[in-house]
Amino acid sequence: MQTYRLKPGKLGRKLQGIYRGMEGAFVDTFLEPDGSLRTGGMAEKATGAYCRVERAVVGRYQKIEDAFVARFLEPSDETHNGKED
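Computed from a predicted model, the values in this text were never measured in an experiment.

What to know about the overall build of the protein
- Counting its secondary structure elements, the protein contains 2 helices and 2 strands.
- The order of helices and strands in the protein, counted from the N terminus, is β-α-α-β.
- With 85 residues in all, the protein has 9% of them scored as buried.
- Restricting to contacts in the protein with at least 6 residues of sequence separation, those with at least 24 account for 59%.

Here's the deal with a nonpolar patch on the surface
- A surface patch of nonpolar side chains, amounting to about 360 Å² of accessible area, comprises L11, L15, I18 and M22.
- Tracing the sequence through the fold places L11 in helix α1 (residues 10-30).

Topic: the confidence of the model for the protein
- Mean pLDDT over the protein works out to 76, with 82% of the residues at or above the 70 mark.
- For the protein, strand β1 (residues 3-6) is the element with the lowest average pLDDT, namely 73, and strand β2 (residues 73-76) is the one with the highest, namely 83.

Let's talk about the environment of Q2
- Note that Q2 resides in the segment before β1.
- Of the residues examined, Q2 reaches a relative accessible area of 40% and is grouped as partly exposed.
- Put simply, Q2 and E74 are 72 residues apart on the chain and 9.9 Å apart in space, counted from C-alpha to C-alpha.
- Those residues within four positions of Q2 in sequence are excluded, and the remaining contacts are P75 and S76.

Calculation criteria
- Going along each chain's sequence as written, the residues are numbered from 1 onward.
- Side-chain atom pairs in this predicted model are given and counted only at pLDDT of 80 or more, local residue features only at pLDDT of at least 70, and totals for whole chains, interfaces and linings cover all residues.
- Based on all heavy atoms of the structure, the side-chain values leave hydrogens and waters out of the count.
- Strands here mean DSSP runs of E at least two residues long; helices mean DSSP runs of H or I at least four residues long; both are numbered from the N terminus.
- Per-residue accessibility, obtained with a 1.4 Å probe over protein chains only, is compared with the maximum for each type, and a residue is labelled buried under 20%, exposed over 50%, and partly exposed between these values.
- It only takes one pair of heavy atoms within 4.5 Å for two residues to be counted as in contact.
- For patch detection, residues must exceed 30% relative accessible area and be free of salt bridges, and they are connected within 9 Å for like charges or within 5 Å for nonpolar side chains (Val, Leu, Ile, Met, Phe, Trp, Tyr).
- Note on areas: these come from Shrake-Rupley sampling with a 1.4 Å probe, and a residue is covered only by the protein chains present in the view.
- One speaks of a salt bridge when a side-chain nitrogen belonging to Lys or Arg is within 4 Å of a carboxyl oxygen belonging to Asp or Glu.
- Every residue carries a pLDDT, the predictor's confidence in it, which falls somewhere between 0 and 100.

In structure tokens form, the structure reads like this:
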């Protein structure tokens, strides 16, 4: 399987920052320190909303992802930890 890395540049760094911010907000809101989902009414609402959103956008997401890969990523011989296979 081909591995990719983000092309360097101002836009790439900005996208990474936005993603990390969204990920951090989700973790702070919905996950316990051990990574498990918080229980209670909020957890049920969150998982229900997530499932609805996932069903609504999964088909469109593939097109967006393909366009992103073509525009911002380039093939790399490195694995995700920086070492070659």
